Amino acid sequence: MAAAVAERSPLRIGAGYSFRRAYAAQTYANRARIDVLEIVADHFFDNSKACRRELDLLAEHFILLPHGLDLSLGSADGLDEAYLARFAEVVRRARAPWWSEHVAFTRAGGIAIGHLAPLPFTREALEVLERNLDRARRVIGDLPCALENIAAPVVLGGAEMEEPAFLRALVERTGCSLLLDVENLHANALNFGFDVDCYLDALPAGAVVQLHVAGGEWNGATYVDSHARAVHADVWRLVERVCNRFAPKAIVVERDEALPPFDEVLAEIERARVILMQAAVCR
Ligand SMILES: [Fe+2]
């Protein structure tokens, strides 16, 4: 079993953002203000010389955290081996301290469903995740991985446990770490009305190695995790609480739509870094 992040990467890394090519020039120009870059692995699957050179150049200048969107670790019919091979190649070239994916599925019966779909929180789903993660690790190699909670559009029936108990069991069975998306947690708590403190109490504290923060918006009565707004004040307050509890190693700001001037992204990275480091001082 691959070692958990805490064993392999003892140092706190800092704050950064999920790399977007539209910001490439500003990213290099401000690299002293960016501790880490998450890269969406799928954006680097193009095997052209230019794409490989782009990834190598990023890896020369930044700590990279490859993040997958479509590995579909929750698929009962197993992983797409061609996708897995391309994902593993990006992870290898990124020379990353860990890689990450979602507690979700994006394919069923060979059909791509086009978004991250929630898993039922059952023992059967845990077995599927364990089996697929084991296969992924055989190809990717001995590198820690962190799995992320998603913003769920619905709560599935038939659950045998709540999400944090499911995540705890996943960590215990597989030795994976957790990428806690604080915006997703915020969105789910608003939409489904659960208590965030109870959720945090039930998580395996030592397993949370990375956070995502992002901005969402209301669409009628539903809070949508759109990644198209500045991080909400409530989410920053939750990030502070999470950092004081779990002392994660890195925080990544996600901004996918309505890209603002890069200074706004840098300001959010700086705010995340301050929270992370102040939490470290308190411990
Ligand atoms: Fe996320």
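Refer to the structure printed above.
Reference entry: report on the structure contained in this document. (Residues numbered from 1 in each chain as written. Predicted model: local features only at pLDDT ≥ 70, side-chain atom pairs only at ≥ 80, totals over all residues.)

**Things to note about unusual backbone geometry**
Although it is not a glycine, Ala-247 adopts a positive phi angle of roughly 45°. Within the secondary structure layout, Ala-247 lies in the loop between helix H9 (233-246) and strand S12 (250-253). According to the C-beta neighbour criterion, Ala-247 is partly exposed, with 18 such atoms within 10 Å. (Helix = DSSP H or I, 4+ residues; strand = E, 2+ residues; numbered from the N terminus. Buried ≥ 20, exposed ≤ 12 C-beta atoms within 10 Å, placed from the backbone.)

**What about the pairing of S12?**
Within a regular strand, the side chains alternate between the two sheet faces. Across the two faces of S12 the burial is the same, with Ala-250 and Val-252 and Ile-251 and Val-253 all buried. Sheet topology note: the strand S1 (residues 14-18)/S12 ladder contains four bridges and is parallel. Looking across to S12, one finds that Gly-16 is bridged to Val-252. (Pairing = 2+ DSSP bridges.)

**Points about the packing of helix H5 (residues 123-140) against helix H6 (residues 163-174)**
Closest axis-to-axis distance for the H5/H6 pair is 10 Å, and the angle between their directions is 40°. Viewed along their axes, H5 and H6 adopt a mutual orientation that is oblique. The hand of the H5/H6 crossing is right-handed. In this structure, H5 contributes Leu-126, Leu-129, Glu-130 and Leu-133 to the contact, and H6 contributes Phe-166, Ala-169, Leu-170, Arg-173 and Thr-174. Across the contact of H5 with H6, the residue classes break down as six nonpolar, one polar and two charged. (Axes fitted to C-alpha atoms, helices over the stretch in contact; angles between N-to-C directions. Parallel < 35°, antiparallel > 145°, perpendicular 65-115°, else oblique. Left-handed = near helix turned anticlockwise from the far one by under 90°. Contact = placed C-beta atoms within 7 Å. Nonpolar A, V, L, I, M, F, W, Y, C, P; charged D, E, K, R; others polar.)

**Considering the environment of Gly-68**
Within the secondary structure layout, Gly-68 lies in the loop between strand S3 (63-67) and helix H4 (81-94). Sequence-wise, Gly-68 and Leu-147 are 79 residues apart; in three dimensions their C-alpha atoms are separated by 10.0 Å. If near-sequence neighbours (up to four positions away) are discounted, Gly-68 is found in contact with Ala-41, Asp-42, Phe-87 and Glu-101.

The analysis is restricted to geometry; functional conclusions fall outside its scope.
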